[in-house]
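Residues per chain, in single letters:
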Amino acid sequence: MSNDCKVCRTHRGLEVVPGGVIVEDELVVASHAQLREGQDRAYLGYLMVETRRHIPGLADLTEAEGSAVMHAASRLARALMATEHAYHVYSFVIGHGVPHFHMHVVAKYPGAPREYWGPRVDEWPDAPHGGPDEIAALCARLRGYLAAAP
Ligand SMILES: [Zn+2]
């Protein structure tokens, strides 16, 4: 736990993410990405799977954390395809911004032009975007799907 870390602060309830926690277990927490500073709309279906432990990157995961991250990411990908009609889901780890492990899990929507494929997919202006209410509704759909999933 680090008081200066935005991810740790969120896990402790000191900062709020739109839509709240989608899935969690003793090792990982997943939620929708926050709105960027100064923006009132976000690319919908941009999720983050974070370790509870304050560790910087892939090399620091225990085997159990690695399994928990991929289990959550895979379930979220299925949910994005089922409820948001994503036709592909990206996952990647960058780690330039915050030194607390987080895997990006990002819906790719039908019609996404080739120049936006990959980590830039959220720059496609015609993709679904929304504010806190749309993000909350999306998170509720994902939770509903996952609660009913085997
Ligand atoms: Zn942290």
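Going by the structure above, here's the rest.
Analysis parameters
Residues numbered from 1 in each chain as written. Predicted model: local features only at pLDDT ≥ 70, side-chain atom pairs only at ≥ 80, totals over all residues. Heavy atoms only, no water. Donors = N, O, S within 2.8 Å, 3.2 Å for Na, K, Ca; no water. Tetrahedral: all angles 85-135°; square planar, octahedral: opposite > 155°, others 65-115°. Helix = DSSP H or I, 4+ residues; strand = E, 2+ residues; numbered from the N terminus. Expected span 1.5 Å × (residues − 1). Buried < 20%, exposed > 50% of the residue type's maximum accessible area, 1.4 Å probe, protein only. Arc of directions from axis to C-beta. Contact = heavy atoms within 4.5 Å. Salt bridge = Lys/Arg side-chain N within 4 Å of Asp/Glu carboxyl O.

Trainee: Requested: an account of the coordination of the zinc ion, with residues and values cited.
Mentor: Protein coordination at the zinc ion: the donors are Cys5 (SG), Cys8 (SG), His54 (ND1) and His100 (ND1), at 2.0 to 2.3 Å from the metal. One can describe the site at the zinc ion as tetrahedral: its four donor atoms subtend angles covering 106 to 118 degrees at the metal. Mapped onto the sequence, the donors of the zinc ion take the spacing C-x2-C-x45-H-x45-H. You can see Cys5 sitting in the segment before helix H1 (6-11) and its partner His54 sitting in the loop between strand E4 (46-51) and helix H2 (63-83), a full 49 residues away along the chain.

Trainee: If you had to explain helix H3 (residues 132-148) to someone new, which residues and values would you point to?
Mentor: Helix length check: H3, at 17 residues, gives a terminal C-alpha distance of 24 Å against a target of 24 Å (1.5 Å per residue), a fit within 8%. Among all positions in H3, only Ile135, Leu138, Cys139, Leu142 and Leu146 are buried. Buried positions in H3, seen along its axis, are confined to an arc of 100 degrees and lie on one side of it. Away from the buried face of H3 by more than 90 degrees, exposed residues Asp133, Ala147 and Ala148 are located. Summarising the contacts, the buried residues of H3 are in contact with strand E1 (21-24), strand E2 (28-32), strand E3 (42-43), E4, H2 and strand E7 (129-130).

Trainee: Explain the pattern of salt bridges to me, using residue names and the numbers behind them.
Mentor: Applying the stated criterion across every chain, the model contains seven salt bridges. Residue Arg141 is joined to Glu84 by a salt bridge in which the shortest nitrogen-to-oxygen separation is 2.8 Å. Within this pair, whereas Arg141 is found in helix H3, its partner Glu84 is found in the loop between H2 and strand E5 (88-92), the two being separated by 57 residues in sequence. Judged by its relative accessible area of 38%, Arg141 is partly exposed. By sharing partners, the salt bridges in this structure join Lys6, Arg9 and Glu15 into a single network.

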